[in-house]
Amino acid sequence: MSAPPMPRPERLELLRTNPLIEITLLHRAMRLELEAMCEATRALAAAPANDGAALAALRRRFRAFDAVFASHSAAEDDVVFPALAACAGRDVASHAAAEHIDEVALVDGAA
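None of these values were measured; they are calculated from a predicted model. (Residues numbered from 1 in each chain as written. Predicted model: local features only at pLDDT ≥ 70, side-chain atom pairs only at ≥ 80, totals over all residues. Heavy atoms only, no water.)

Trainee: Is there a simple way to think about the packing of helix α1 (residues 8-17) against helix α2 (residues 21-46) in this case?
Mentor: A pair of packed helices can be characterised by two numbers: the angle between their axes and the separation between those axes. Viewed as axis vectors pointing N to C, α1 and α2 meet at an angle of 140°, and their least axial separation amounts to 8 Å. It follows that α1 is oblique to α2 by the angle criterion. Seen from α1, the contacting residues are Arg11, Leu14 and Leu15; seen from α2, they are Ile21, Glu22 and Leu25. Its residues assigned to classes, the contact of α1 with α2 shows four nonpolar, no polar and two charged. (Axes fitted to C-alpha atoms, helices over the stretch in contact; angles between N-to-C directions. Helix = DSSP H or I, 4+ residues; strand = E, 2+ residues; numbered from the N terminus. Parallel < 35°, antiparallel > 145°, perpendicular 65-115°, else oblique. Contact = heavy atoms within 4.5 Å. Nonpolar A, V, L, I, M, F, W, Y, C, P; charged D, E, K, R; others polar.)

This is the structure:
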């Protein structure tokens, strides 16, 4: 797994001094959740018997992740990428949007 979660006082100080850090923290949280779900999937696949309860829990976890991911992606499409295009130019924004389309396709394919 990635680095351990950031201690709460450090997180609060980052939010106080740089409100945009929340975007970075959300992306980090989504990466950590994806890693945890991958680990749970590997454990489930390695289990000697079919564990219906563990599979159901993993499905619920993925659905919750997917809901957050979809909302976040929509916000990036509607707000972040247009602002990026205005500030950094269309090339940067279109590259970010193309990566975003790939990410959405991967998550949708796993659903």
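Trainee: What exactly am I supposed to notice about the packing of α2 against helix α3 (residues 52-88) here?
Mentor: Contact geometry of α2 with α3 gives a least axis separation of 11 Å together with a crossing angle of 155°. Taken as axis vectors, α2 and α3 run roughly antiparallel relative to one another. Both α2 and α3 take part in a crossing whose hand is left-handed. Here Leu26, His27, Met30, Glu33, Leu34, Ala36, Met37, Ala40, Thr41 and Leu44 of α2 come into contact with α3, specifically with Ala54, Leu55, Leu58, Arg61, Phe62, Phe65, Val68, Phe69, His72 and Glu76. Within the contact of α2 with α3, the residues separate by chemical class into 14 nonpolar, three polar and three charged. (Left-handed = near helix turned anticlockwise from the far one by under 90°.)

Trainee: Please clarify how the packing of aromatic side chains should be interpreted in this entry.
Mentor: Aromatic rings in a pair are described by how distant their centres are and how their planes are angled relative to each other. Taken as a whole and judged by the stated rule, the model has two aromatic pairs. Ring centres of phenylalanine 62 and phenylalanine 65 lie 6.5 Å apart, and the angle between their planes is 40°; this geometry places the pair in the tilted category. Here phenylalanine 62 pairs with phenylalanine 65, and both are found in helix α3, just three residues apart, close to one helical turn. A residue is classified by how much of its surface remains accessible, and phenylalanine 62, at 18% relative accessible area, is buried. (Phe/Tyr/Trp six-rings, centres within 6.5 Å; stacked < 30°, edge-to-face > 60°. Buried < 20%, exposed > 50% of the residue type's maximum accessible area, 1.4 Å probe, protein only.)

Trainee: I tried to follow the pattern of salt bridges on my own but got confused; where do I start?
Mentor: Any two side chains of opposite charge can pair, so long as their charged atoms come close to each other. Under the criterion given, the structure shown has three salt bridges. Put simply, glutamate 13 and arginine 16 hold a salt bridge, and the shortest N to O gap is 2.8 Å. Here glutamate 13 pairs with arginine 16, and both are found in helix α1, just three residues apart, close to one helical turn. (Salt bridge = Lys/Arg side-chain N within 4 Å of Asp/Glu carboxyl O.)

Trainee: What am I meant to see in the side chain of serine 73 here?
Mentor: Tracing the backbone through its elements, the reader meets serine 73 in helix α3. Once residues within four sequence positions are removed from consideration, serine 73 is found in contact with His100 and Val104.

Function cannot be inferred from these measures alone, as they are strictly geometric.
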